[in-house]
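Residues per chain, in single letters:
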Amino acid sequence: MERIILDRSTLERYASCPQSGYLGRIYDALVAQNRGQKITEEEKALLAEMDSDLRKRMEQEATAEKTDKLRTTGALVHELIERAFQECRNDISGVPDWFSERLPSIRPDVHPDAIRAARYVADCLADFHTNLIGVEVQIEHEFLPPLKSRGPVYLTTRLDVLSSGKSGLHVWDWKCGYKKRSNSEAAASFQAQFIAFLLWQQPEYESINTVHFWYQEVRWGTVAYARFIRDEEHPRLPHLTTEAAIKGRIESSVRLYLENNKECWPEDSKCLQCDYVRYCNLAASEAAEIAEDPKGFVDKLIVDAASVQRRQKAVNEWVRAHGPLAGTKMVFDKKPPSNRFTVELRRIDAQRPECSLTGDEDIDNHFI
């Protein structure tokens with residue numbers, strides 16, 4: 001049986017939401033089929049059994065192969081960085097000059113983003129104090145042995161920049177989008193953990209204990225950092241090392257993939273960032289609404305905001321003339337004394353009727 005190759009992005013989708021992982025698989029298969037590329041027997045089976053209406057909607061986009069400007073820009077900038085390193089043969093001192101020669105001929109619509117990215121990369125390289133191992137480094141690992149029912153399962157990923165320092169390996173990942181990450185988000189990210197685990201499984205790095213991971217956010221000139229120590233244990237969780245914890249997370253994701261799990265785990269933040277939310281029937285309402293009609297959502301939001309502003313003014317005038325205006329759980333009332341009459345919204349205390357207040361804070365505090 002042919003081996004099953006699972007890349008980081010596929011497993012990351014399953015780790016976030018199996019439905020997103022499933023939709024991503026069939027969409028990628030349709031795109032590949034449309035391009036005349038070979039798809040696996042498993043992918044053929046998935047396409048054969050998928051809902052006909054869903055397939056029709058997906059095929060329309062897969063055939064058109066639409067890409068928005070952000071994705072186009074990100075892909076071009078990422079390719080630009082990759083070419084710079086490759087054509088300079090990993091001699092990082094020549095990369096800034098390479099950018100200077102090539103940038104004038106970049107597509108004019110993405111030119112500003114390319115300039116911004118090149119400046120940031122040049123700044124990063126000026127402070128590059130580790131030993132470069134390579135760029136676009138492909139690594140893989142046999143995660144599960146073959147069974148009678150399937151071939152072996154291999155994990156694979158590609159590293160943008162890999163280098164070594166005194167305290168371990170360093171990985172850079174170029175990010176060209178709008179998202180900004182905190183250090184804690186970097187440490188919790190599936191991508192960073194997945195890469196650290198795969199590096200520890202490579203024979204040449206079996207003695208390496210520490211992996212330093214850096215998200216280089218070229219659009220903003222910012223960085224998010226995470227450090228993974230292979231045998232580190234939490235004091236209250238003895239024997240649960242960093243490597244063991246990450247392996248468990250990967251195992252769960254692989255299992256979801258192999259079982260063809262299609263469960264949906266909707267959350268506002270996940271659904272709003274999912275590439276396949278427009279095909280999901282269980283997505284969080286706001287995400288689904290935006291995906292269905294982005295322009296209409298913005299227009300409705302503007303109308304709603306204007307309506308709230310008008311009602312806020314009406315409440316302000318009512319309270320000025322008639323006193324507090326109470327709802328079920330909240331009440332509009334005059335703010336503490338100031339030169340300008342303003343209204344605040346606060347929670348109603350069911351244990352303390354509003355009529356018992358005198359308006360004098362020193363006196364009313366005795367009844368709170």
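Going by the structure above, here's the rest.
Predicted model, so just to flag it, every value in this text is computed and none were measured.

S.K.: Looking at this structure, I do not really get the overall build of the protein. What am I missing?
M.R.: In terms of regular secondary structure, the protein is built from 14 helices and 11 strands. In terms of overall size, the protein is more extended than a compact globule, its C-alpha atoms giving a radius of gyration of 27 Å where 368 residues would be expected to give roughly 21 Å. Projected onto the principal axes, the alpha-carbon positions of the protein cover approximately 80 × 55 × 55 Å. The buried share of the protein, taken over its 368 residues, is 40%. Of the roughly 22000 Å² that the protein leaves accessible, carbon and sulfur atoms contribute 51%. Taking the average location of the 50 positive side-chain charges in the protein and that of its 58 negative ones, the two points are 3 Å from each other.

S.K.: Explanation requested: helix α1 (residues 8–16) in the structure shown.
M.R.: At 3.6 residues per turn, the α-helix brings residues three or four places apart onto the same side. Buried within α1 we find Arg8, Thr10, Leu11, Arg13 and Tyr14. Against β1 (4–7), α2 (18–34), β3 (153–165), α9 (190–201) and α10 (242–258) lie the buried residues of α1.

S.K.: It is not clear to me how unusual backbone geometry should be interpreted in this structure. Could you clarify?
M.R.: Glycine aside, the phi torsion of most residues is negative, and most peptide linkages are trans. If you check the backbone angles, glutamate 136 has positive phi at about 50 degrees while not being a glycine. Counting through the fold element by element, glutamate 136 comes out in strand β2 (residues 131–144). Judged by its relative accessible area of 12%, glutamate 136 falls in the buried class. Non-glycine residue asparagine 260 carries a positive phi angle of around 55 degrees. Structurally, asparagine 260 is set in the loop between α10 and α11 (268–273).

S.K.: Explanation requested: the nonpolar core in the structure shown.
M.R.: If you look at soluble globular proteins, the nonpolar side chains tend to sit buried side by side. In terms of nonpolar packing, the biggest core is built from 60 residues, with Leu11, Leu23, Ile26, Met58, Leu155, Leu199 and Ile250 touching the most fellow members. At 9 residues, α9 tops the list of elements feeding residues into this core. By size, the runner-up hydrophobic cluster in this structure holds 25 residues, among which are Leu80, Cys88, Trp98 and Phe99.

S.K.: Help me understand helix α13 (residues 294–322), please; the structure alone is not making it clear to me.
M.R.: Over its 29 residues, α13 extends 41 Å from the first C-alpha to the last, a length consistent with the 42 Å expected when each residue adds 1.5 Å. Of all the positions in α13, only Ser307, Val315, Asn316 and Val319 are classed as buried. Where α13 is buried, its residues meet β9 (325–326), β10 (330–334) and β11 (343–347).

S.K.: What's the story with the environment of glycine 177 in this structure? I'm lost.
M.R.: Within the secondary structure layout, glycine 177 lies in the loop between β4 (168–175) and α8 (183–188). On the basis of relative accessibility, which here comes to 29%, the residue glycine 177 falls in the partly exposed class. Along the sequence, glycine 177 and threonine 157 sit 20 residues apart, while their C-alpha atoms lie 20 Å from each other.

S.K.: I'm lost on the packing of α1 against α10 in this one. Help?
M.R.: Two packed helices can be described by the angle between their axes and the distance between those axes. In contact at an axis separation of 9 Å, α1 and α10 are set at 90 degrees when each is read in the N-to-C sense. Judged by the inter-axis angle, α1 sits roughly perpendicular to α10. Of the residues in α10, those touching α1 at Thr10, Leu11, Tyr14 and Ala15 are Ile250, Ser253, Val254, Leu256 and Tyr257. A class-by-class count of the residues in the contact of α1 with α10 yields 7 nonpolar, 2 polar and no charged.

Criteria and thresholds
- All residue numbers here refer to positions counted from 1 along the written sequence of the relevant chain.
- Totals for whole chains, interfaces and linings use all residues, but because this is a predicted model, local features are given only for residues with pLDDT of at least 70 and pairs of side-chain atoms are given and counted only at 80 or more.
- To get the side-chain values, take all heavy atoms of the structure and skip hydrogens and water.
- Counting from the N terminus, the helices are DSSP H or I runs at least four residues long and the strands are E runs at least two residues long.
- The quantity called the radius of gyration is restricted to C-alpha atoms. Its globule counterpart is 2.2 Å times the number of residues to the power 0.38.
- Each residue gets one of three labels from its accessible area relative to the maximum for its type: buried under 20%, exposed over 50%, partly exposed in between, using a 1.4 Å probe on protein chains only.
- Note on areas: these come from Shrake-Rupley sampling with a 1.4 Å probe, and a residue is covered only by the protein chains present in the view.
- Here Asp and Glu are counted as negative and Lys and Arg as positive; His is not counted, and neither are the chain ends.
- Where a charge sits is defined by one atom per residue type, namely NZ (Lys), CZ (Arg), CG (Asp) or CD (Glu).
- Contact between two residues is taken to exist if any of their heavy atoms lie within 4.5 Å; hydrogens are not considered.
- To form a nonpolar core, buried Ala, Val, Leu, Ile, Met, Phe, Trp, Tyr and Cys residues must be joined to one another through side-chain atoms within 4.5 Å.
- In this scheme, a helix's expected span is set at 1.5 Å multiplied by one less than its residue total.
- To obtain an axis, a line is fitted to C-alpha atoms, over the contacting stretch when the element is a helix, and the angle between two such axes runs from 0 to 180 degrees between their N-to-C directions.
- Here the word oblique covers every angle except those under 35 degrees (roughly parallel), over 145 (roughly antiparallel) and from 65 to 115 (roughly perpendicular).
- Basically, the charged four are Asp, Glu, Lys and Arg, the nonpolar ten are Ala, Val, Leu, Ile, Met, Phe, Trp, Tyr, Cys and Pro, and anything else, Gly included, counts as polar.

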